[in-house]
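# Breakdown of the fold
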Amino acid sequence: MSTPTRRNLLRTTAIAAAAGITVHSGAAGAAPAERSAPFGPAVVPPGDPRYPDLVGRRYNLRFLGNPERVHVLGSTAQVVRAVQDAVRAGKRIAVRSGGHCFEDFVDSPQVRVVLDLSGMTGVYYDPHRRAFAVEAGATLGEVYRRLFLGWGVTIPGGYCPEVGAGGHVQGGGYGPLCRLLGLVVDHLYAVEVVVVNRDGTARSVVATREPDDPHRDLWWAHTGGGGGNFGVVTRYWFRSPGARGSDPERLLPRPPASVLTFSMEWSWDGLGPEAFARLVRNHGRWFERHSAPGSRYAGLYSELLLFRRPLGRHMMLGQVAGENAERLLDEHVSALADGFAPPSARSQVRMPWLAAGLRGPGEDPGRWRLKCKAAYLRRALTDRQVDVAYQHLTSDVPGLFSGMVSLNSYGGQVNATAPDATAASQRDSILKLFYLAAWPDAADDALHVGWLREFYRDMYADTGGVPVPGAVNDGSFINYPDVDLADPAWNTSGVAWQTLYYKDNYARLRAAKARWDPRGVFRHALSIR
């Protein structure tokens, strides 16, 4: 049995090197024209042989939608028409790009029309805006490959190449280069969104970060406000703040020439509570010391995966950028082993940056049923939280297939941006926690969901079962959505779920919602109210 880690559950095979590099043909200074749609629109109802594939992306088998139709769309104009038709018919809409949602935001039985953007995969330079356009259906792997091979630049996006840009960016977007370069949204210049007016008319709007743009609030809402809230994103444009001139090779950051990828293991054999605590505390305290902007360790990204004891091991995987990568990794591992033990297994290989970005684990994630939770940490886990983690990871739960918590590196350049500059408000955290249960059989849903809920509740027992922002915790991450945060049975803190995700930025998000989606066309269980 292969171990269901974050990488081999949440990533699929690497992107094939087939898609081309496209350069926008419009003249500088002219309004950007709609590009020719590669295909579509296709309207796919039940009974069509394409329907099962479009409805069942097989990412999280807990959810399977049954919409009346799926629109496969290839251009913004097609999206406008599809939205207009659905609004006119009074049908509930959901949007899908990569299809990697942990909850049923797209696959809810209330959703009658799904807008599938997998036909919108363009990545090209737009001289009119002096920015790189990325269509919402492009996967992160496609974005990395085209930006790098075409212009030698990148955006600091996620570790999983099959995730769609559409939802990833709206939630803030983080990944292996974020400690060096900030979040993806820190480089977002503009966004194109299909919205619905109060009178029910659908239209497309382009909003930029320019201070005098009357639509700037719509741009801001897409810098961490989460997907499915304001309209249908069809395109993003990226240009780093402060970038000057019209040379596209200077408008986004250059990735490192190569990275040192690594993985290591610690066996559960003989690992008692004191040794477990030592490993976790060493890890957390190291990130307390080395997560400021400009840290010499900013190029180090890691995920410390703490598995349940039956899986036999813990893992740490990640990559280090820079010429001194081997030495930096050695220093990091030495700090983790202080008073504990070095890894029982370790492997590392230096490879070109793009090759590392396009790697996949080669395991189909579609056989898993998933439940996840998340949290931010401003400092290392408390002693009580470490003890709780040990208890739940070693508890005897007959029939429990797997469970884990991953401590993912954060901070660095992410924390150089003010919390209100974007909608992504967690700007002084050092780690992002990702809790996961994965299992193959529907009959075991209650067992696994219940175990993860209790684990999470006990980790945050001091603050009502959820990571209320404070000295240690700093809320949760909207791209790892968890409907339990809105359930008073599991959130007894008295702090609204909106505060856990958005903190003081929620009022501005509500104002944007009222302006751009006054009819509440775009909604799900955790949408902006």
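Residues numbered from 1 in each chain as written. Predicted model: local features only at pLDDT ≥ 70, side-chain atom pairs only at ≥ 80, totals over all residues. Heavy atoms only, no water.

## Some points on the UniProt feature "domain: FAD-binding PCMH-type" (unreviewed entry) in the protein
According to UniProt, the "domain: FAD-binding PCMH-type" (unreviewed entry) feature falls on residues 63–243. Between the C-alpha atoms that bound residues 63–243 there is a distance of 43 Å. The span itself is 23% helix and 24% strand. (UniProt positions renumbered as here; feature names shortened; annotations may be inferred. Helix = DSSP H or I, 4+ residues; strand = E, 2+ residues; numbered from the N terminus.)

## Brief notes about the sheet that holds strand S13 (residues 345–352)
Taken together, seven strands build an open sheet; the order of strands is S13-S10-S12-S11-S15-S16-S14 and the sheet is antiparallel. Edge strands, defined here as strands with exactly one partner in the open sheet, are S13 and strand S14 (369–377). Across the sheet, the mean angle separating the axes of adjacent strands is 15° when strand polarity is ignored. When S14 meets strand S16 (residues 431–439), the two strands line up antiparallel, connected through nine bridges. Bridging across to S16, lysine 371 finds its partner in alanine 437. (Pairing = 2+ DSSP bridges. Axes fitted to C-alpha atoms, helices over the stretch in contact; angles between N-to-C directions.)

## Quick word on empty space enclosed by the protein
All told, the structure shown has four cavities of 30 Å³ or more when counted by the stated rule. Roughly 120 Å³ of volume is contained in the second largest cavity. The element best represented in the lining of the second largest cavity is helix H10 (residues 353–357), accounting for three residues. (1 Å grid on protein atoms, 1.4 Å probe; cavity = no way out; pocket = protein on both sides within 12 Å on 5 of 7 lines; lining within 4 Å. Points joined across faces, edges and corners; volume = space filled by probe spheres on them.)

## Considering the side chain of glutamine 84
Its place among the elements puts glutamine 84 in helix H3 (residues 76–89). You can call glutamine 84 buried: its relative accessible area is 16%. (Buried < 20%, exposed > 50% of the residue type's maximum accessible area, 1.4 Å probe, protein only.)

## Re the packing of helix H8 (residues 273–289) against helix H9 (residues 325–336)
For any two helices packed against each other, one specifies the inter-axial angle together with the distance between the axes. As a packed pair, H8 and H9 sit with axes 8 Å apart at the nearest point and diverge in direction by 135°. In terms of orientation, H8 lies oblique with respect to H9. In contact with Leu279, Asn282, His283, Trp286, Phe287 and Arg289 of H8, H9 contributes His332, Ala335 and Leu336. For the contact of H8 with H9, the class distribution of residues is five nonpolar, three polar and one charged. (Parallel < 35°, antiparallel > 145°, perpendicular 65-115°, else oblique. Contact = heavy atoms within 4.5 Å. Nonpolar A, V, L, I, M, F, W, Y, C, P; charged D, E, K, R; others polar.)

## Focus on the nonpolar core
In this structure, Val83, Leu147, Phe238, Phe276, Leu433, Tyr435 and Phe455 are the most contacted members of the largest nonpolar core, which totals 153 residues. Looking at which element gives the most residues to this core, the answer is S16, with eight residues. Apart from the residues within four sequence positions on either side, phenylalanine 455 is in contact with Val388, Ala389, His392, Leu393, Val405 and Tyr435. (Core = buried A, V, L, I, M, F, W, Y, C linked by side-chain atoms within 4.5 Å.)

## Observations concerning the pattern of salt bridges
Across all of its chains, the model carries 30 salt bridges by this definition. The partner of arginine 112 in a salt bridge is glutamate 68, with the nearest N and O atoms 4.0 Å apart. Linking arginine 112 in the loop between strand S3 (93–96) and strand S4 (113–116) with glutamate 68 in the loop between helix H2 (51–55) and strand S2 (69–72), this pair joins segments that are 44 residues apart in sequence. Between lysine 373 and aspartate 482 there is a salt bridge, with its nearest N and O atoms 2.8 Å apart. Taken together, the residues lysine 373 in strand S14 and aspartate 482 in the loop between helix H12 (445–459) and helix H13 (497–502) connect sequence positions 109 residues apart. In terms of burial, lysine 373 and aspartate 482 fall into one category: buried. (Salt bridge = Lys/Arg side-chain N within 4 Å of Asp/Glu carboxyl O.)

## Focus on unusual backbone geometry
At arginine 130, a position not held by glycine, the phi torsion is positive, near 50°. With respect to the helices, strands and loops of the structure, arginine 130 is situated in the loop between strand S5 (123–126) and strand S6 (131–135). Overall, the relative accessible area of 26% leaves arginine 130 in the partly exposed class. Non-glycine residue lysine 503 carries a positive phi angle of around 55°. Tracing the backbone through its elements, the reader meets lysine 503 in the loop between H13 and helix H14 (506–516). Assessed through its relative accessible area of 16%, lysine 503 is described here as buried.

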